[in-house]
Amino acid sequence: MIHRTKTIQALESKRGAFQRYVARQHEQARLVDERLAGFLGRSAAEIDDFLAQKDLNWPGARPTLELDCAQRLRIPFAPTWENHATARAWALEMLSGRPTLAVDGSQIAPNKDYSVPVGAVQVGWYVNFHARAVPYVKDVAFEVITPDELEGAEADGASDGGRGDGNFAAWYINQRRFALECETLLALMDKHACAEAASPPVCFFDGSFVISFAGQMLPARARPYIGGVTALLGRSHSLRVPLVAFVDTTFSRDLVNLIDLYSGSPDARSTTDAALLNRLLPHWGDRSPAFICARDDALSRDGRGAFYNDVAFTYVRLSLERPPSRVEFPRWLLGADAPGGEGESLLEDIINIVRAECVVGTGYPYAIETADAAAVVTQADRERFYALFEQFAAHEGITLQRARKAQSKLNRRA
């Protein structure tokens with residue numbers, strides 16, 4: 001346990017550092033406001049011309065035609081409600097007959113306390129047809145990761161220029177979870193794309209398609225992440241199934257980077273998109289115009305981030321207490337509003353589904369919440385898994401030893 005008095009003393013000893021951080025945040029917000037003044041009112045064509053003249057391939061973001069219709073980076077949401085009951089009635093009407101589905105995952109990492117390494121991944125999904133005659137679907141898939149897989153992953157990492165970390169390749173569990181989430185979502189998209197419902201399902205992905213973190217990985221470790229996202233974007237396009245990546249709390253700076261570059265004053269420590277738009281989207285449901293992702297990161301610089309150009313994003317005010325959430329989607333949903341696009345934009349309709357899901361889920365898409373609840377692995381679940389593993393090992397004659405320290409902890413807590 002921690003001691004209250006000592007914790008308070010430790011915090012107070014670093015008071016100055018926290019105050020300096022807050023002061024820097026205010027200063028960065030002021031600087032961005034100055035740069036924003038020169039950006040507002042510019043058309044998408046003007047900004048595109050500027051980027052072409054400067055030969056800026058990865059400016060953070062590229063505008064769509066929605067920018068020309070926005071008011072100070074704001075596209076207002078028209079409906080207003082007197083209470084949550086009327087909001088919920090609107091949401092249920094919006095979702096009626098519109099299938100939604102989501103996938104989420106959890107994992108059990110290898111435990112060093114056991115002499116035989118083993119891990120597991122669980123992925124849950126939820127499909128709601130929003131039709132009285134059709135029941136929802138909620139299920140999970142559970143996959144055990146064996147010692148051979150873990151040791152093989154460690155060897156692959158070493159051959160790719162890395163080295164073994166002596167931790168039974170715990171990174172492989174995270175990678176396998178991400179890949180299984182993508183595989184499950186792809187299978188659900190295939191299954192329900194041609195269903196008898198009047199509309200294809202709106203599919204939710206919990207997280208971002210813009211996987212900058214993969215650029216910091218060894219190439220072999222990054223490939224499943226890149227492949228998973230690329231497959232999702234491609235399948236959404238080919239099947240014409242709407243796909244949404246939802247990021248509730250984001251520190252992305254794609255739009256801010258574009259504004260900084262346009263002003264001629266790039267600043268690596270600039271404020272975030274969500275902080276900027278927090279002041280520009282005052283009402284629930286308001287959103288920013290859509291932008292095409294053009295993030296300058298390790299993936300885009302070395303040619304592995306070409307799929308970023310297929311990702312568009314907007315920020316939507318879904319809570320009056322928190323900054324806007326980032327909503328990403330394949331650029332084909334923008335139709336002719338996207339550079340080089342054709343057809344009618346489906347974005348506002350899809351964003352209304354996101355809004356409705358968040359009304360039902362009280363601030364977070366209900367489909368994702370439900371998939372998460374199905375997939376989550378608690379500490380008690382982990383202990384239950386290892387108890388079952390011990391029973392399995394004993395039945396199969398597998399010698400399994402537990403570290404003394406772990407057994408001692410277990411005895412003390414019993």
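Criteria and cut-off values
Residues numbered from 1 in each chain as written. Predicted model: local features only at pLDDT ≥ 70, side-chain atom pairs only at ≥ 80, totals over all residues. Heavy atoms only, no water. Helix = DSSP H or I, 4+ residues; strand = E, 2+ residues; numbered from the N terminus. Contact = heavy atoms within 4.5 Å. Pairing = 2+ DSSP bridges. Axes fitted to C-alpha atoms, helices over the stretch in contact; angles between N-to-C directions. Polar contact = N/O pair within 3.5 Å; in protein donor to acceptor, adjacent residues only side chain to side chain. Phe/Tyr/Trp six-rings, centres within 6.5 Å; stacked < 30°, edge-to-face > 60°. Buried < 20%, exposed > 50% of the residue type's maximum accessible area, 1.4 Å probe, protein only.

Thoughts on the environment of leucine 334
So, point 1. As for its position among the elements, leucine 334 is in the loop between β9 (325-330) and α11 (347-360).
So, point 2. On a C-alpha basis, the gap between leucine 334 and glutamine 19 in space is 43 Å, while along the polypeptide they are 315 residues apart.
So, point 3. Apart from residues no more than four positions distant in its own chain, leucine 334 is found in contact with Thr64, Glu66, Ala290, Ile292, Ala312, Phe329, Ser345 and Leu347.

Thoughts on the sheet that holds β9
So, point 1. If you walk across this open sheet you meet the 9 strands as β1-β7-β8-β9-β6-β5-β2-β3-β4, and the pairing is mixed. Both edges of this open sheet fall to β1 (60-63) and β4 (137-145), since each of them pairs with a single strand only. Going across the sheet, the axis of each strand differs from the next one's by a mean of 30°, ignoring polarity.
So, point 2. Sheet topology places strand β2 (residues 100-108) next to strand β5 (residues 202-206); 4 bridges connect them, and they run parallel.

Quick word on the side chain of aspartate 254
So, point 1. One can find aspartate 254 in helix α8 (residues 254-263).
So, point 2. At 2.9 Å, the side chain of aspartate 254 forms a polar contact with the side chain of arginine 295.
So, point 3. When sequence neighbours within four positions are dropped, the list of residues in contact with aspartate 254 reads Pro59, Gly60, Ala61, Asp273, Cys293, Arg295, Phe313 and Arg326.

So, the packing of aromatic side chains
So, point 1. Under the criterion given, the structure shown has 22 aromatic pairs.
So, point 2. Summarising the aromatic geometry, the rings of tyrosine 126 and tyrosine 366 are spaced 6.0 Å apart at their centres and angled 80° between planes, so their arrangement reads as edge-to-face. With a gap of 240 residues between them, tyrosine 126 in strand β3 (residues 119-128) and tyrosine 366 in helix α12 (residues 366-375) connect regions that are remote in the sequence.
So, point 3. Owing to a relative accessible area of 4%, tyrosine 126 belongs among the buried residues under this scheme.
So, point 4. By relative accessible area, which is 34% here, tyrosine 366 ends up partly exposed.

Side note on the pairing of strand β8 (residues 311-316)
So, point 1. For β8, the tally of buried residues reaches 6 of 6 residues, placing the bulk of the element in the interior.
So, point 2. Because side chains alternate across β8, one face comprises the buried residues Val311, Phe313 and Tyr315, and the other comprises Ala312, Thr314 and Val316, equally buried.
So, point 3. The pairing of strand β7 (residues 291-294) with β8 spans 2 bridges and is antiparallel. Within β8, the residue paired with isoleucine 292 across the bridge is alanine 312.
So, point 4. Two elements, β8 and β9, share 6 bridges in a ladder whose sense is antiparallel. Looking at β9, one finds that alanine 312 is bridged to phenylalanine 329.

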